[in-house]
Amino acid sequence: MGDAGEPVFATSISGVRRMSRKTSALRLSLPQMLLLGFLVLGCAIVCANEPDQWLRPASAPAPADNLPNAARVKLGQMLFFDPRLSRKASMSCATCHNPALGWSDGLSTAVGFDMQILGRNTPTIVNTAFNTIQMWDGRKKDLEDQATGPIAAGGEMNMPLPEMVARLQSIPGYAKYFDDAYPGQGVSDVTVARAIASYERTVLSTESPFDRWRKGDAHAVSDDAKAGFELFQGKAKCAVCHMGFNFTDNGFHNIGLKTPEGHDYDVGRYAQKPIKSMRGAFKTPTLRDIGLTAPYMRNGCYKTLKEVVAHYNRGGDDKDNLDINIVPLGLSDAEEDQLVAFLQTLDGAPMQVTVPVLPH
Amino acid sequence: MMFRSVSALVALAALAVAVAVPAHAGDHPVEQVKKTFSVPVLKAKVGDTVTFKNDDEFAHNVFSLSETQNFDLGSYKKGETRQLKLTNAGTIEVECAIHPEMKMKIEVSK
């Protein structure tokens, strides 16, 4: 491990030095010193074998009743890009989750059925396979549960699921793909959801400069980014919520965003769990590929990462029911820039996507 | 004489404690650590208390929307505790509102 590992190494060395001084002061006997040696060695082996919590796993998890295969992913990709899943055959999943825009839409808040402007920012679907709960307010438990939600939602694709199934059944070319993916199960809202979920599980972040640094390439990121990562875990408290390789705790927090003038207060998670702390709380999003998914926050109120960092530095704006983790941070302007430099190292090379030819 | 007085005082104090705290009442400590409750299923009795302690570096919450007992102990930081008195028999599904993966059950008997 390169620079990412250096702090660990330095800690170990200083620990041994401290121990040496203590050993000398205590005047340990030879058996005691041998025992101490074994303990230190054992600890070193355990530490060395501990997986790096910041590195991505090799594959994404999938439920036992919908394990991915090529046929399911292929069908799911077609459905994901097929606008005929919407009432007016005018928008597909990819309309909002556009791979050319970080699997989001580049808008502050989404545009739904008949061009109506919706209340929340379109979350990227990158790494949603790793989420233990879905949507900004956690109203869907997994990808299969989530996949048909926006299709049926009146403000989004506005397509009642029975009509969606009937429409897909009327397209002869789809039958073969459903048979290949889910033999004998036909076209149903269940097979549609499972296929789309299977495709979404392939939308994963790729290796970023941050990953290369963690794996030992000391030159993969700048010194500012390295300092930013230290702030991220320490003074700036970001890792309290943005923890682990996917930079999320899959938890819900009220981070004190202002409600824009003329907009209703968004209660967020409270609609699902009417608990005081959940009023105005939303799910912690991933930070992977964050440079590709502006504008930011659940209402898209910030255009740049610098604005986002500044928000947290001042401890949020709307203090009503603020999460107790959100406090003024006292970061300097230079430290804010270091945090931004670190965040920019989380962008992987965009996944190459071939837009499918759809069945007729 | 002095020894007898002290013994009598101790006996009186013990009696007072016995009267104040019913024999069946107890406290059940539960830690919140690494985003899990340390006890997945807790068996307790009506009148017992459960003390939840946050041993993580970040805030946790404890609540239940169960029919048996509905409560919200709020959010609190590392090292802090919140106590719940069990008032009804039945099963209570306990969660952390902040981290929905954190769940446990309390099976309360009379």
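As the structure is a prediction and not an experimental result, all values here were calculated from the model. (Residues numbered from 1 in each chain as written. Chains lettered and ligands numbered in written order. Predicted model: local features only at pLDDT ≥ 70, side-chain atom pairs only at ≥ 80, totals over all residues. Heavy atoms only, no water.)

Here's the deal with the overall build of chain B
So, step 1. Summing up its helical and strand segments, chain B has 1 helix and 9 strands in all.
So, step 2. When the helices and strands of chain B are read in sequence order from the N terminus, they spell out α-β-β-β-β-β-β-β-β-β.
So, step 3. Burial statistics for chain B: of 110 residues in total, 37% are counted as buried.
So, step 4. Split by element, the accessible area of chain B, about 6,300 Å² in all, is 61% carbon and sulfur. (Helix = DSSP H or I, 4+ residues; strand = E, 2+ residues; numbered from the N terminus. Buried < 20%, exposed > 50% of the residue type's maximum accessible area, 1.4 Å probe, protein only. Areas by Shrake-Rupley, 256 points an atom, 1.4 Å probe, with all protein chains shown as cover.)

A short note on the confidence of the model for chain A
So, step 1. Per-residue confidence for chain A averages 90 on the pLDDT scale, and 86% of its residues sit at or above 70.
So, step 2. In this model residues 1-26 of chain A is a low-confidence stretch, pLDDT under 50, and it forms 14 contacts with partners more than four residues away in sequence or in other chains. (pLDDT = per-residue confidence, 0-100. Contact = heavy atoms within 4.5 Å.)

Thoughts on the environment of Glu 93 of chain B
All names here are of chain B.
So, step 1. Mapped onto the elements of the fold, Glu 93 is located in strand S8 (residues 90-95).
So, step 2. By relative accessible area, which is 42% here, Glu 93 ends up partly exposed.
So, step 3. Sequence-wise, Glu 93 and Val 46 are 47 residues apart; in three dimensions their C-alpha atoms are separated by 15 Å.
So, step 4. Ignoring anything within four residues of it in the chain, the contact list for Glu 93 reads Phe 63, Ser 64, Ser 66, Met 104 and Lys 105.

Looking at the side chain of Thr 248 of chain A
Residues and elements named next belong to chain A.
So, step 1. With respect to the element layout, Thr 248 can be found in the loop between helix H11 (223-233) and strand S1 (252-253).
So, step 2. You can call Thr 248 buried: its relative accessible area is 7%.
So, step 3. A polar contact of 2.7 Å, which involves the side chain of Thr 248, links it to the backbone oxygen of Thr 284.
So, step 4. Discounting chain neighbours no more than four positions away, the residues touching Thr 248 are Cys 241, His 242, Met 243, Thr 284, Pro 285 and Thr 286. (Polar contact = N/O pair within 3.5 Å; in protein donor to acceptor, adjacent residues only side chain to side chain.)

A few points about the pattern of salt bridges
So, step 1. Overall, the coordinates contain 24 salt bridges over all chains when judged by the stated rule.
So, step 2. Its salt-bridge partner being Arg 201 of chain A, residue Glu 144 of chain A comes within 2.9 Å of it at the nearest N-O pair. On the criterion of sequence distance, the pair formed by Glu 144 of chain A in helix H5 (residues 143-147) and Arg 201 of chain A in the loop between helix H9 (189-200) and helix H10 (209-214) is long-range, its members being 57 residues apart. Neither residue differs from the other here; Glu 144 of chain A and Arg 201 of chain A are each classed as buried.
So, step 3. A salt bridge links Asp 55 of chain B to Lys 53 of chain B; the nearest nitrogen and oxygen atoms lie 3.4 Å apart.
So, step 4. For Lys 53 of chain B, a relative accessible area of 33% corresponds to the partly exposed category.
So, step 5. One continuous salt-bridge network, built from bridges that share partners, spans Arg 120, Asp 137, Arg 139 and Asp 266 of chain A. (Salt bridge = Lys/Arg side-chain N within 4 Å of Asp/Glu carboxyl O.)

Details of the interface of chain B and chain A
So, step 1. Listed per partner, the contact involves 16 residues of chain B and 18 residues of chain A.
So, step 2. Overall, the association of chain B and chain A removes approximately 1,400 Å² of surface from exposure, summing both partners, and the carbon and sulfur fraction of that is 65%.
So, step 3. At the surface where chain B touches chain A, the tally comes to 1 salt bridge.
So, step 4. A salt bridge links Lys 273 of chain A to Glu 95 of chain B, with the shortest nitrogen-to-oxygen separation between them at 3.4 Å.
So, step 5. The tally of links from chain B across to chain A stands at 6 residue pairs in polar contact (both at pLDDT 80 or more).
So, step 6. Only strand S5 (60-65) and strand S6 (70-76) of chain B provide two or more residues apiece to the side of chain B that touches chain A.
So, step 7. Here the residues of the side of chain B that touches chain A sort into 8 nonpolar, 3 polar and 5 charged. (Buried area = accessible area lost by both parts, 1.4 Å probe. Nonpolar A, V, L, I, M, F, W, Y, C, P; charged D, E, K, R; others polar.)

Digging into the side chain of Asn 121 of chain A
All names here are of chain A.
So, step 1. Its place among the elements puts Asn 121 in the loop between helix H4 (93-96) and H5.
So, step 2. Residue Asn 121 is classed as buried on the basis of its relative accessible area, which comes to 7%.
So, step 3. A polar side-chain atom of Asn 121 sits 3.0 Å from the main-chain carbonyl oxygen of Ser 108.
So, step 4. Discounting chain neighbours no more than four positions away, the residues touching Asn 121 are Leu 107, Ser 108, Thr 109, Trp 136, Pro 295, Met 297, Arg 298, Asn 299 and Gly 300.

Quick word on unusual backbone geometry
All names here are of chain A.
So, step 1. Residue Pro 295 is bonded to the preceding Ala 294 through a cis peptide linkage, with omega at -5°.
So, step 2. Of note, Pro 295 is situated in the loop between strand S2 (282-283) and helix H12 (305-313).
So, step 3. Here the phi dihedral of Met 135 falls at roughly 80°; this positive angle occurs in a residue that is not glycine.
So, step 4. With respect to the helices, strands and loops of the structure, Met 135 is situated in the loop between H4 and H5.

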